[in-house]
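Below are the chains, spelled out letter by letter.
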Amino acid sequence: MPIGVYVNEKESFTNHHINIQPGDTIYLFSDGFADQFQKGTKQKFTKSRFKELITKIETLPMQQQETKLQEQYDEWAGDTEQIDDILVAGFRVGDLTTGSC
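Residues numbered from 1 in each chain as written. Predicted model: local features only at pLDDT ≥ 70, side-chain atom pairs only at ≥ 80, totals over all residues. Heavy atoms only, no water.

**Description of the overall build of the chain**
Then, number 1: When helices and strands are tallied, the chain shows three helices and two strands.
Then, number 2: Seen in sequence order, the chain has helices and strands lined up from the N terminus as β-α-α-α-β.
Then, number 3: Expressed as a percentage of its 101 residues, the buried residues of the chain come to 20%.
Then, number 4: Restricting to contacts in the chain with at least 6 residues of sequence separation, those with at least 24 account for 67%.
Then, number 5: Only carbon and sulfur atoms are counted for the fraction: they give 52% of the accessible area of the chain, which is about 8000 Å². (Helix = DSSP H or I, 4+ residues; strand = E, 2+ residues; numbered from the N terminus. Buried < 20%, exposed > 50% of the residue type's maximum accessible area, 1.4 Å probe, protein only. Contact = heavy atoms within 4.5 Å. Areas by Shrake-Rupley, 256 points an atom, 1.4 Å probe, with all protein chains shown as cover.)

Okay, here's the thing in structure tokens:
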């Protein structure tokens, strides 16, 4: 469901509550990374490949995750024009009793 105005709006958003634990990592991302074409082809990176990449790097420190994502994007896209916005935001949950993250 798109965010913002949608002409054929039939559904509303659903609120979800999740239990989080210290050490959990949360990611928010757009479809831009998954939709990026591979250099020299019309093959997209795909959602499943992106999910596999996130799963592979999720235990690394956050700064290393950023580096790995950038390296993977550069290797995949090369000098191919970026076709969409790319947003990947992640954070690791800290100690919930002290309020530090």
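**Section: helix 3 (residues 62-77)**
Then, number 1: A rise of 1.5 Å per residue sets the reference length of helix 3, with its 16 residues, at 22 Å; its end C-alpha atoms lie 22 Å apart and thus fit the reference within 8%.
Then, number 2: Buried residues belonging to helix 3 abut strand 1 (25-29), helix 1 (32-35), helix 2 (47-57) and strand 2 (88-92). (Expected span 1.5 Å × (residues − 1).)

**Examining the nonpolar core**
As a rule of thumb, nonpolar side chains are buried together in soluble globular proteins.
Then, number 1: Core analysis: the biggest nonpolar cluster contains 12 residues, these being Tyr27, Phe33, Ala34, Phe45, Phe50, Leu53, Ile54, Ile57, Leu69, Tyr73, Trp76 and Ala77.
Then, number 2: Those elements that provide at least two residues to this core are helix 1, helix 2 and helix 3.
Then, number 3: When near neighbours in sequence (up to four residues on either side) are disregarded, Ile54 contacts Tyr27 and Leu69. (Core = buried A, V, L, I, M, F, W, Y, C linked by side-chain atoms within 4.5 Å.)

**Focus on the side chain of Gln36**
Then, number 1: Its place among the elements puts Gln36 in the loop between helix 1 and helix 2.
Then, number 2: In this structure the side chain of Gln36 is engaged in a polar contact, spanning 3.1 Å, whose partner is the backbone oxygen of Glu81.
Then, number 3: In this structure Gln36 touches Gln43, Lys44, Phe45, Tyr73, Trp76, Ala77, Thr80, Glu81, Gln82 and Ile83, once residues within four positions along its chain are discounted. (Polar contact = N/O pair within 3.5 Å; in protein donor to acceptor, adjacent residues only side chain to side chain.)

**A short note on the packing of aromatic side chains**
Describing an aromatic ring pair means giving the distance of the ring centres and the angle of the ring planes.
Then, number 1: Within the structure shown, the criterion is met by five aromatic pairs.
Then, number 2: Here Phe33 and Phe50 contribute two aromatic rings whose centre-to-centre distance is 5.1 Å and whose plane-to-plane angle is 45 degrees, an arrangement assigned as tilted. Residue Phe33 is located in helix 1, and its partner Phe50 is located in helix 2; the two are separated by 17 residues in the primary sequence. The pair Phe33 / Phe50 is uniform in exposure class, with both members buried. (Phe/Tyr/Trp six-rings, centres within 6.5 Å; stacked < 30°, edge-to-face > 60°.)

**Let's talk about unusual backbone geometry**
Then, number 1: Here Thr46, not a glycine, exhibits a phi torsion of approximately 80 degrees, which is positive.
Then, number 2: When you line up the elements, Thr46 lands in the loop between helix 1 and helix 2.
Then, number 3: According to the relative accessible area criterion, Thr46 is partly exposed, its value standing at 31%.

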